[in-house]
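Chain residues, written in single-letter form:
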Amino acid sequence: MFESMASHSRLASSAAWTIASSVNRVLPEGALPAPSWAPGRLLKKHQRTPMRTGVPRRTLSLCPDCNREAVEAVIRGQNDVAGFRERPGIIDAEILEEGGRILMRKACETHGPFEDVLSNHPDFFQRMEAQSLGGDFDCVGDREVHDHGPNSIRAGRGSYLIVDLTNRCNMMCRPCFMDANGVGYVDETDMEDLKTIFDRAGSFKPNREINVLFSGGEATLSPIFLDAIRHAKSMGFHRLHVSTNGIRFAESRDFAVEASAAGLHGVYLQFDGVSEEKNKHRGLGNYIEVKLRALENIAAAGMQTTLQVTVVNGLNNDCVGEIVRFALRNADQIHGVIFQPVMFTGRDERISTEDRYAERYPLSQLAYDLQAQTSIDWRPMRDWYPASAYAIFSHLDDVLDRGSERGSLFPDMHPDHAIMSPLLVDTDKGKAIPIPTFFDLGRFMQDVVQITDSGRPPRVTRAMVLLSLLRNFNQAKAPSGLGPYELRSLFEGSLYRFTRSDDDWSRQASAKTAHWRLMFFNGMWFQDAYNYDFATIYNSNAPVATWQGEISFCAYNGGGWRKVLESVHHTATVADWYRNHGRHQIYAAGKKVHLVESLSRRPEPLVQIEAAPVGTFFTRGSRDLEMKG
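Residues numbered from 1 in each chain as written. Predicted model: local features only at pLDDT ≥ 70, side-chain atom pairs only at ≥ 80, totals over all residues. Heavy atoms only, no water.

Caption draft 1: Molecular detail of the nonpolar core. In terms of nonpolar packing, the biggest core is built from 89 residues, with Val163, Phe214, Phe225, Phe249, Phe339 and Phe521 touching the most fellow members. With seven residues, helix 9 (residues 287-300) is the largest single contributor of residues to this core. Filtering out sequence-adjacent residues up to four positions away, Phe214 remains in contact with Val163, Leu165, Leu194, Phe198, Ala219, Ala228, Ile229, Ala232, His241, Val242 and Ser243. Core analysis: the next-biggest nonpolar cluster, separate from the first, contains 65 residues, Val74, Leu213, Leu441 and Val544 among them. (Core = buried A, V, L, I, M, F, W, Y, C linked by side-chain atoms within 4.5 Å. Buried < 20%, exposed > 50% of the residue type's maximum accessible area, 1.4 Å probe, protein only. Helix = DSSP H or I, 4+ residues; strand = E, 2+ residues; numbered from the N terminus. Contact = heavy atoms within 4.5 Å.)

Written as structure tokens, this is what we have:
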């Protein structure tokens, strides 16, 4: 009977959608609003600059050796920043499919040929590229922010603004994308630089919400760490996070509380595996104990944690499923997971060709490894989307909220470089199911684009989105207790990821009262000199804020800009710093962090939520989930 009711309800919503969309197509399209934060009217899909996609295609890249020589010329005083800006070592490159792989091939007249693997699953690669929404607005009034020659960002605001506070660190890891503690100088951001950074951050259009990510080195070592958070918040930035190894949060709950009180919303916690064995390369003797304590203290301070995983093929790619299992079992403390395939920069800049081939981990492999290592029926060709698909819902919010001073968070990263998959999580039991199991997410996103492009009034837009939500929901395949009411609440509740922020935003976003929750698993691919693609630098999802403006994270680290700017700007030599400030503790070669109490927690086996009989349409359900181990 329940299945029959669900079937009739779905048919009814589909029929209503067909009628409404038919009428919508007949009527002339309306104009989209022109909010104050944007350089013009909101863009319809056909007005957006398309991403450079398709195989084969030509592009521009870097010669790793020419780029290194250009950087070293600045460091030796034989060239200046302006010279490096225009001549960073550019060569032609081709992206092609061969032997079941997507490759980048290029050749330098001086240093010879280079090849790298972009994907080992061409169908998956092309699926991601086919779903690109297109770019954001071109930037206006950004001359002081984006002036880095062919590496200049020209469009969008990005989703993250990375603010490096120090190049010092209290660990000595390999890999390390910036070679922390390995260079002969200390470079730290002071309050004067910081104020300039945040003044510039809101100086151009599009002026959108952005996640500020304080980073390093180890950002918590910076003497201005808490003051930096307070200043950013005073400037109207409320999405404040830190990327950290977690040592200081593990050592002191008071530190976590103080950071939260200053305005910190969330923590991106380095986490490469659930065992000491999988983290030997980090050098910390009690790695897991430190991470567990950090998680507890961060949660106790009212903040959320996102696990930030560096994946190296042959090192920890065989435990990505265990990390997902750990996240699900600790969903009360963990917001999501970002898997970041290793980039060969910093400490790994001079990696041998053999080691680079062996350790390279394409994003496509993440989806297939998670399918193999979990039991939740996670299908790469069904359940994964380019992370830029988030932007469809950001645009929806912009269309609906027309009077906002800032636009929504708009992730417009290239589909080759960022993928995502949402799971529905039962927060009581830590169980999960891929959303496309019971909801046609792909068709829903297509519907939303069609709805927003039609330019209807907000009331009509909301009604049509609700119809689409219902027609794409298959309650017969959904877990017990999840009905249309819960689905709508999940959708509306997840919009905080993209929409406005204010003084109360962090508390609302951190609320964990709901039984059901969406947890997003992301893969982020950052470029190094071997796989560098200038066509994707145009719009950067993660600009780094520096005294020289905002530079793409890939250009800053993979393209040599970090070394160039730090060589000019650095605070002191390491010897002078130690003489004036003393040495900070570095945990390496198995050294342990002293914690007040020891902790012990074991991850539990991952299980799958089973589909169950359907409840009453639009009625809150309270049935327990039926699971299998």
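Caption draft 2: Highlighting the environment of Ser468. Relative to the elements of secondary structure, Ser468 occurs in helix 16 (residues 458-471). For the pair Ser468 and Asp227, spaced 241 residues apart in the sequence, the C-alpha separation amounts to 46 Å. Those residues in contact with Ser468 that sit more than four places away from it in its chain are Trp17, Phe444 and Asp447.

Caption draft 3: Structural detail: the side chain of Asp416. Looking at where Asp416 falls in the secondary structure, it is placed in the loop between helix 14 (390-400) and strand 13 (418-426). The exposure class of Asp416 is buried, given its relative accessible area of 13%. Engagement of the side chain of Asp416 in a polar contact is seen with the side chain of Arg57, the distance being 2.9 Å. With near-sequence residues (within four places) excluded, Asp416 lies in contact with Arg57, Phe125, Glu129, Leu363 and Trp525. (Polar contact = N/O pair within 3.5 Å; in protein donor to acceptor, adjacent residues only side chain to side chain.)

Caption draft 4: Molecular detail of the pattern of salt bridges. Applying the stated rule across the entire model yields 34 salt bridges. Notably, a salt bridge pairs Glu29 with Lys44, separated by 2.8 Å at the nearest N-O pair. Of this pair, Glu29 sits in the loop between helix 1 (2-26) and strand 1 (57-62) while Lys44 sits in the loop between helix 1 and strand 1, and the two are 15 residues apart along the sequence. Residues Glu72 and Arg76 are paired through a salt bridge, measuring 3.9 Å at the closest nitrogen-oxygen approach. You can call Glu72 partly exposed: its relative accessible area is 28%. Bridged by salt links that share partners, the residues Asp65, Arg68, Glu349 and Lys563 form one connected network. (Salt bridge = Lys/Arg side-chain N within 4 Å of Asp/Glu carboxyl O.)

Caption draft 5: Representation of the environment of Ser36 in the model. Here Ser36 shows up in the loop between helix 1 and strand 1. Taking the relative accessible area as the measure of exposure, Ser36 reaches 52% and is therefore exposed. When the C-alpha positions of Ser36 and Glu405 are compared, they lie 6.6 Å apart, and in sequence the two are 369 residues distant. Residues contacting Ser36, with those up to four places away along its chain left out, are Lys205, Ser404 and Glu405.

Caption draft 6: Looking closely at the packing of helix 16 against helix 17 (residues 484-494). Interhelical geometry of helix 16 versus helix 17 gives an angle of 125 degrees and a closest axis separation of 11 Å. One finds that helix 16 runs oblique with respect to helix 17. Pair helix 16 / helix 17 crosses with right-handed handedness. For the pair helix 16 and helix 17, contact is made by Val465, Leu466, Leu469 and Leu470 and by Pro484, Leu487, Arg488 and Phe491, respectively. Its residues assigned to classes, the contact of helix 16 with helix 17 comprises seven nonpolar, no polar and one charged. (Axes fitted to C-alpha atoms, helices over the stretch in contact; angles between N-to-C directions. Parallel < 35°, antiparallel > 145°, perpendicular 65-115°, else oblique. Left-handed = near helix turned anticlockwise from the far one by under 90°. Nonpolar A, V, L, I, M, F, W, Y, C, P; charged D, E, K, R; others polar.)

Caption draft 7: Quick look at a nonpolar patch on the surface. Residues Ile19, Val23 and Leu27 make up a contiguous nonpolar surface patch of about 280 Å² in total accessible area. Its place among the elements puts Leu27 in the loop between helix 1 and strand 1. With relative accessibility at 45%, the residue Leu27 sits in the partly exposed group. (Patch = residues over 30% accessible without salt bridge, like charges linked within 9 Å, V, L, I, M, F, W, Y side chains within 5 Å. Areas by Shrake-Rupley, 256 points an atom, 1.4 Å probe, with all protein chains shown as cover.)

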